[in-house]
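A look at the structure
As a plain string of letters, each chain reads:
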Amino acid sequence: MDDALMHAPLFSALDAEAATALRASMVESRVPRGDVIFAEGEPGDRMYVILDGKVKLGQTSVDGRESLLAVLGPGEVFGELSLFDPGPRTATATAVTDVVVIGLGHDNLRPWLAGRPEVAESLLQALAQRLRRTNETLADLVFSDVPGRVAKLLLELADKFGQPGPEGVLVHHDLTQEELAQLVGASRETVNKALADFTQRGWIVVDQREVILLDMERLARRAR
Ligand code: CMP
């Protein structure tokens, strides 16, 4: 089975046989870059595991401004909230790159949760990690300045999507400057200024939809 899948919350607690059975009950779809997988407010009846590519989860304010809750990659799940708390989708899921996902209807997932407590436990763990991160983001919005939040975002993206290279950690995040700003919760101008400052200090090199982190230690200190 796919490596990303073996480590996904839904599968990681299962033995190979059960994991194969669960995988067989899931439907694979390919989503081209830019397409919406589901929209905020729609009724939700299925959750997804990402096999390949990146998915962003965003919200739109009444006056049309957009904010991003997270960008997820291979092995991560989304669409689970409307399973545990039946109601409309809390965010819009959009493919940032060409994406391959597998989906499982909530009704098909329920017998697994009842019959295999380890599946429920690993989904609960993923939810708890999400809440932890959300609390941290909330605290940063209150306590940190924009450059601090940008430094933290870069480190988080490196942790998720980074690859060590000769100069530093290459982070091919596939996001526009606008999307980076939506993740930080600040204007594009302020985020660009922070990126330009980090570049000038020699901590990072910024390119189209990617960044190389040259000095993780300084960034970590700035993120604190
Ligand atoms: P659901 O509400 O079904 O649809 C939107 C999905 O976005 C939601 O399930 C979660 O999977 C995901 N989501 C919502 N809030 C967050 C968050 N703060 N961090 C990461 N993912 C989230």
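Residues numbered from 1 in each chain as written. Predicted model: local features only at pLDDT ≥ 70, side-chain atom pairs only at ≥ 80, totals over all residues. Heavy atoms only, no water.

Taken together, four strands build an open sheet; the order of strands is β2-β7-β4-β5 and the sheet is antiparallel. Single-partner strands in this sheet number two, and they are β2 (36-38) and β5 (66-72). Averaged over neighbouring strand pairs, the angle between their axes works out to 30° when direction is ignored. Across two bridges, the pairing between β2 and strand β7 (residues 92-95) is antiparallel. Of the residues in β7, the one forming a bridge with Val 36 is Thr 94. Strand contacts of helix α7 (residues 177-184): β4 (55-60) and β5, with the helix running at about 95° to β5, the strand carrying the most contacts. (Pairing = 2+ DSSP bridges. Helix = DSSP H or I, 4+ residues; strand = E, 2+ residues; numbered from the N terminus. Axes fitted to C-alpha atoms, helices over the stretch in contact; angles between N-to-C directions. Contact = heavy atoms within 4.5 Å.)

Time to look at the site of the ligand. For the ligand, the set of nearby residues contains 14 residues, the closest of which are Gly 79, Glu 80, Ser 82, Arg 89 and Thr 90. Take Arg 130: an N or O atom from its side chain is 3.4 Å from an oxygen atom of the ligand. Relative to its unbound accessible surface of 450 Å², the ligand loses 94% to contact with the protein. Going through the elements one at a time, β5, α3 (81-84) and α5 (117-143) are the ones with two or more residues in the shell around the ligand. (Near = heavy atom within 4 Å. Polar contact = N/O pair within 3.5 Å; in protein donor to acceptor, adjacent residues only side chain to side chain. Areas by Shrake-Rupley, 256 points an atom, 1.4 Å probe, with all protein chains shown as cover.)

Time to look at the confidence of the model for the chain. The pLDDT averaged across the chain works out to 93; a share of 100% of its residues lies at or above 70. Of all secondary-structure elements in the chain, the lowest mean pLDDT belongs to helix α1 (residues 3-6), at 80, while β7 reaches the highest, 98. (pLDDT = per-residue confidence, 0-100.)

On to the packing of α7 against helix α8 (residues 188-200). At a closest axis distance of 9 Å, the pairing of α7 and α8 adopts a crossing angle of 100°. Taken together, the axis directions place α7 and α8 in an arrangement best described as roughly perpendicular. Seen from α7, the contacting residues are Gln 177, Glu 178, Leu 180, Ala 181 and Val 184; seen from α8, they are Arg 188, Val 191, Asn 192 and Leu 195. (Parallel < 35°, antiparallel > 145°, perpendicular 65-115°, else oblique.)

What follows is about the packing of aromatic side chains. Under the criterion given, the structure shown has four aromatic pairs. With 5.8 Å between their ring centres and 40° between their planes, Phe 38 and Phe 78 make a pair best called tilted. With Phe 38 in strand β2 and Phe 78 in strand β6 (residues 77-78), this pair connects stretches of sequence that are 40 residues apart. Plain terms: the ring middles of Tyr 48 and Phe 78 are 5.2 Å apart, the flat faces sit at 20° to each other, and that makes the pair stacked. Residue Tyr 48 is found in strand β3 (residues 46-52), and its partner Phe 78 is found in strand β6; the two are separated by 30 residues along the sequence. Overall, the relative accessible area of 11% leaves Tyr 48 in the buried class. The exposure class assigned to Phe 78 is buried, which follows from its relative accessible area of 1%. Among the aromatic residues, those joined into a ring-pair cluster are Phe 38, Tyr 48 and Phe 78. (Phe/Tyr/Trp six-rings, centres within 6.5 Å; stacked < 30°, edge-to-face > 60°. Buried < 20%, exposed > 50% of the residue type's maximum accessible area, 1.4 Å probe, protein only.)

Turning our eyes to something else, we now look at unusual backbone geometry. Even without a glycine there, the phi angle at Asp 174 is positive, about 65°. With respect to the element layout, Asp 174 can be found in the loop between β10 (169-171) and α7. Positive phi values are uncommon outside glycine, yet Arg 209 reaches one of about 55°. The exposure class assigned to Arg 209 is partly exposed, which follows from its relative accessible area of 29%.

On the surface, Asp 2, Asp 3, Asp 52 and Asp 98 cluster together into a negatively charged patch. With respect to the helices, strands and loops of the structure, Asp 98 is situated in the loop between β7 and β8 (99-105). (Patch = residues over 30% accessible without salt bridge, like charges linked within 9 Å, V, L, I, M, F, W, Y side chains within 5 Å. Salt bridge = Lys/Arg side-chain N within 4 Å of Asp/Glu carboxyl O. Lys, Arg positive; Asp, Glu negative; His and termini not counted. Charge placed at Lys NZ, Arg CZ, Asp CG, Glu CD.)

It is worth spelling out the pattern of salt bridges at this point. Considering all chains together, one arrives at 18 salt bridges under this definition. Lys 152 is the partner of Glu 136 in a salt bridge, and the nearest nitrogen-oxygen pair spans 2.8 Å. Of this pair, Glu 136 sits in helix α5 while Lys 152 is found in helix α6 (residues 146-161), placing the two residues 16 residues apart along the sequence. On the accessibility criterion, Lys 152 (23% relative accessible area) is partly exposed. The salt bridge involving Asp 140 is made with Lys 152; its shortest N-O contact spans 2.9 Å. One end of the pair, Asp 140, is in helix α5; the other, Lys 152, is in helix α6, with twelve residues separating them in the sequence. Within this structure, Asp 15, Arg 116 and Glu 118 form a network of salt bridges that share partners.

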